[in-house]
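In case you want the letters, here they are:
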Amino acid sequence: MGFGGISLMKFISLLMLCGLLGTPVWGKIHHHTFIIEETPCTRLCHTKNILTVNGQFPGPTIYARKGDTVFVDVINKGNKNITLHWHGINQPRNPWSDGPEYITQCGIQPGAKFIQRIEFTEEEGTLWWHAHSDFDRATVHGAIVIFPEQGTTYPFTKPEKEVNLILGEWWNDDVTQVLEKALQTGGDVDPSDANTINGQPGDYLPCSQNDTFKVQVEQGKTYLLRIINAALSNEFFFAVANHKLTIVGTDASYTKPYTTDFIMITPGQTMDILLEANQLQTSSSPSRYYIVAHPYNGNPSVPYDGTFTTAILEYQTNNFPVLPILASIPFVSDTDAATAFTNGLCSLASWDHPIDVPKTIDEHMYITVAVNTIPCPNKSCGGPGGNRLGASLNNVSFQDPQIDVLEAYYFSLRDQYTPDFPNRPPIFFNFTEDMDLIPPEWLLTKKDTKVKVLEYNTTVEIVFQGTNLFGGENHPMHLHGHSFYVVGKGFGIFDKEKDPLSYNLVDPPYENTIGVPKNGWVAIRFRAANPGVWFMHCHFERHTVWGMDMVFITKNGNGEDEKMLPRPSDMPSC
């Protein structure tokens, strides 16, 4: 079938080249088919069916260049509704393909399909894709590698080889049942049974040693490690025994080279790291080194999976294989180490990779980030005090609407949400003080569907304020449809008079996910120049389910290229 002898795909490509579908004209067009299906998988001596894409765990990698467009035909052959999100892709003017369930679409039903479009307009480096429904991203996720635009190069020496390392988790139980149990009881989510690197637990866990992931290197050469934290619950310290790590990018944005012994990476974040293979100095030098990750958890009262996960860095040599060298890595609760690492990150801010930090702010928001409780009849739930565990931003615990927010906005169905998400919390107190000093009624929250409406091109500053409700912890906050500049952070209560004086407006890191320090604050800035509906949430999956999220609606601008694209005809039905 075609149009005047032109095939459908050629016709679509022609529209793109003419700019009629809002796609960059300098890039190539790629096509992928993602089949969601159940696949038997064995880990820790235990076999179960898991949801996968194309039978792979982790799923397939998407490769593209800056300026390219990718079409993904998502076909659901699984047993439940599911959505896919392209994490860190701005999706200019196209929230329809962003993916979060009940925010920009309803789930793709079993037997149905949906074509999603991904546009790489400013991103360059490592990102990832994942399911954005229930706990499905535990096994439905994969890497996105965005090479420099055709005719340009990396701002560092081209590596010998590039290696994707995806950090994740494994549950012996079905993850859907794990979630359902927590929702039924109102208590916390059971921790995973293992942490993983590229889907494998590594040498130290049962039935795992033969499948430990290995990275082959040659002495004297440099390698680019693309690190992704796909975990639902764990932030990770990560290190390679006896090797320095040089960070050159975070969240698909280049950084000033930053050399360290370890990294701390939150769920949702990605990091590009150069590793020089320089340890095989003589024929008797050790040739195998552990790549190690284990959780960072600043709140010992929160249940977590404390297992180490390992891969192995192997030098090419004729030597007989020996036990790998162990890696030194910070202790699980070492907040000082986590803070020291994140404080060293800065944007490259070069002539070829400039930054544009908003200096004048139109909209100031101060958002408290909290784990709360929701009253439970007869104190019969499994959370603190017999209540149900909840979470909130400015004491609003987000409630999914009956249809997705984008559909409601597009068709002016105002009964699905209210446009009054608050710019500040309802009550001010010492949010980081001992919880025993906080009145019990201030620990409670309630469910509601509130959004924040922004005029096109509004400059926004958000100060996320961590709280000590139920112990406090680091919260990885992720914003869809935008990256943002991390201009400041600190511990304690944010001081609006003093703390902005120390903001970094010269070379702040440019990210899409940022950890709000335990009992501290972080300030971000962005320009709302992407019309549509955009989710903001904690990337601890249980916190998202509990309601630690909200929605921005950015209105259309005046120009044709400042308006949201029309609704695709194949949007999943609710």
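Analysis parameters
- Residues numbered from 1 in each chain as written.
- Predicted model: local features only at pLDDT ≥ 70, side-chain atom pairs only at ≥ 80, totals over all residues.
- Heavy atoms only, no water.
- Patch = residues over 30% accessible without salt bridge, like charges linked within 9 Å, V, L, I, M, F, W, Y side chains within 5 Å.
- Areas by Shrake-Rupley, 256 points an atom, 1.4 Å probe, with all protein chains shown as cover.
- Salt bridge = Lys/Arg side-chain N within 4 Å of Asp/Glu carboxyl O.
- Helix = DSSP H or I, 4+ residues; strand = E, 2+ residues; numbered from the N terminus.
- Buried < 20%, exposed > 50% of the residue type's maximum accessible area, 1.4 Å probe, protein only.
- Phe/Tyr/Trp six-rings, centres within 6.5 Å; stacked < 30°, edge-to-face > 60°.
- Lys NZ or Arg CZ within 6 Å of the ring centre and 35° of its normal.
- Contact = heavy atoms within 4.5 Å.
- Pairing = 2+ DSSP bridges.
- Axes fitted to C-alpha atoms, helices over the stretch in contact; angles between N-to-C directions.
- Disulfide = S-S within 2.5 Å.
- Arc of directions from axis to C-beta.
- Polar contact = N/O pair within 3.5 Å; in protein donor to acceptor, adjacent residues only side chain to side chain.
- Core = buried A, V, L, I, M, F, W, Y, C linked by side-chain atoms within 4.5 Å.

Peer 1: Explain a nonpolar patch on the surface residue by residue, including any values.
Peer 2: A cluster of nonpolar residues, Tyr410, Phe411 and Leu413, forms a patch on the protein surface that exposes about 260 Å² of accessible area. You can see Tyr410 is positioned in helix α4 (residues 405-410). For Tyr410, a relative accessible area of 34% corresponds to the partly exposed category.

Peer 1: Give me the lowdown on the packing of aromatic side chains, citing residues and values where you can.
Peer 2: One pass over the structure, following the stated rule, counts 25 aromatic pairs. Between Tyr258 and Phe341 the ring centres are 5.6 Å apart and the planes differ by 20°, which places this aromatic pair in the stacked class. Residue Tyr258 is located in strand β17 (residues 253-260), and its partner Phe341 is located in helix α3 (residues 335-343); the two are separated by 83 residues in the primary sequence. Taken together, the aromatic side chains of Tyr366, Phe428, Phe429, Phe431, Trp442, Phe494 and Trp521 make up a single cluster linked through ring pairs. Here the basic side chain of Lys48 rests over the ring of Trp170, its NZ or CZ set 4.6 Å away from the ring centre. Across the ring face of Phe540, the terminal group of Arg542 is positioned such that the distance to the ring centre comes to 5.5 Å.

Peer 1: Which residues make up the side chain of Ser483, and what are the values?
Peer 2: Its location among the elements puts Ser483 in the loop between β28 (475-479) and β29 (484-491). Discounting residues that sit within four places of it in the chain, Ser483 has contacts with Asn90, Glu122, Tyr510, Glu511, Asn512 and Phe526.

Peer 1: I'd love a proper account of the sheet that holds strand β3 (residues 29-43), names of residues and values included.
Peer 2: Ordered in space as β4-β3-β6-β8, the four strands form an open sheet in which the pairing is mixed. Two strands close off the open sheet at either side, each with one partner strand: β4 (46-53) and β8 (113-119). Across the sheet, the mean angle from the axis of one strand to that of its neighbour is 25°, orientation sign disregarded.

Peer 1: Report on the state of the cysteines, specifying residues and quantitative values.
Peer 2: In total, this model carries three disulfides according to the counting rule given. Residue Cys45 pairs covalently with Cys207 via a disulfide, S to S 1.8 Å. For the disulfide bridge between Cys45 and Cys207, the dihedral angle about the S-S bond is near 90°, and by the sign convention the bridge is right-handed. Taken together, the residues Cys45 in the loop between β3 and β4 and Cys207 in the loop between β12 (194-197) and β13 (214-217) connect sequence positions 162 residues apart. Overall, Cys207 belongs to the exposed group, its relative accessible area being 55%. Covalently, Cys106 is tied to Cys574 through a disulfide, its sulfur atoms 1.9 Å apart. Measuring the twist about the S-S bond at about 85°, one finds the Cys106-Cys574 disulfide to be right-handed. Here the residue Cys106 occupies a position in the loop between β7 (84-87) and β8, and Cys574 occupies one in the segment after β34 (549-554), the gap between them amounting to 468 residues. The class of Cys106 is buried, set by a relative accessible area of 3%.

Peer 1: Requested: an account of helix α2 (residues 175-185), with residues and values cited.
Peer 2: Taken together, the buried positions of α2 are occupied by Val175, Val178, Leu179 and Ala182. Summarising the axial view, the buried residues of α2 lie within an arc of 95°, below the 170-degree limit, and thus occupy one face. Across from the buried face of α2, at angles greater than 90 degrees, the exposed residues are Gln177 and Gln184. Buried positions along α2 lie against β4, β23 (388-393) and α5 (541-546). The backbone nitrogen of Thr176 lies 2.8 Å from a side-chain oxygen of the residue at the head of α2, namely Asp174. Downstream of α2 by a residue or two, Gly186 has a phi angle that is positive, lying close to 80°.

Peer 1: Residues and numbers for the nonpolar core, please.
Peer 2: In this structure, Ile367, Leu393, Ile462, Phe464, Phe526, Met536 and Phe552 are the most contacted members of the largest nonpolar core, which totals 47 residues. With residues near it in sequence (within four places) discarded, Phe464 still touches Ile367, Val369, Met477, Val516, Gly520, Trp521, Val522, Ile524 and Met536. Within the second largest apolar cluster, 43 residues are counted, among which are Val217, Leu313, Tyr315 and Ala338.

Peer 1: Describe the environment of Asn297, naming the residues involved and giving the relevant values.
Peer 2: Positionally, Asn297 belongs in the loop between β20 (288-296) and β21 (309-315). For the pair Asn297 and Pro566, spaced 269 residues apart in sequence, the C-alpha to C-alpha distance is 43 Å. Setting aside anything within four residues of it in sequence, one finds Asn297 in contact with Val302, Tyr304, Val332 and Ser333. In this structure the side chain of Asn297 is engaged in a polar contact, spanning 3.4 Å, whose partner is the backbone oxygen of Val302.

Peer 1: Let's hear about the environment of Thr342: which residues, and what values?
Peer 2: With respect to the helices and strands, the residue Thr342 is situated in helix α3. Separated by 50 residues in sequence, Thr342 and Ser392 have C-alpha atoms that sit 25 Å apart. Once residues within four sequence positions are removed from consideration, Thr342 is found in contact with Met264 and Lys489.

Peer 1: Tell me what's going on with the sheet that holds strand β18 (residues 263-265), and back it up with residues and numbers.
Peer 2: Ordered by their spatial adjacency, five strands build an open sheet running β13-β21-β20-β15-β18, and the pairing between neighbours is mixed. If you trace the sheet from one side to the other, it starts and ends with β13 and β18, each paired once. Across this sheet, the average inter-strand angle for adjacent strands is 25°, counted without regard to direction. Sheet topology places β20 next to β21; six bridges connect them, and they run antiparallel. From the neighbouring strand, Tyr289 faces β21, where its bridge partner is Leu313. Along the sheet, α3 makes contact with β15 (235-240), β18 and β20, crossing β18 at roughly 90°.

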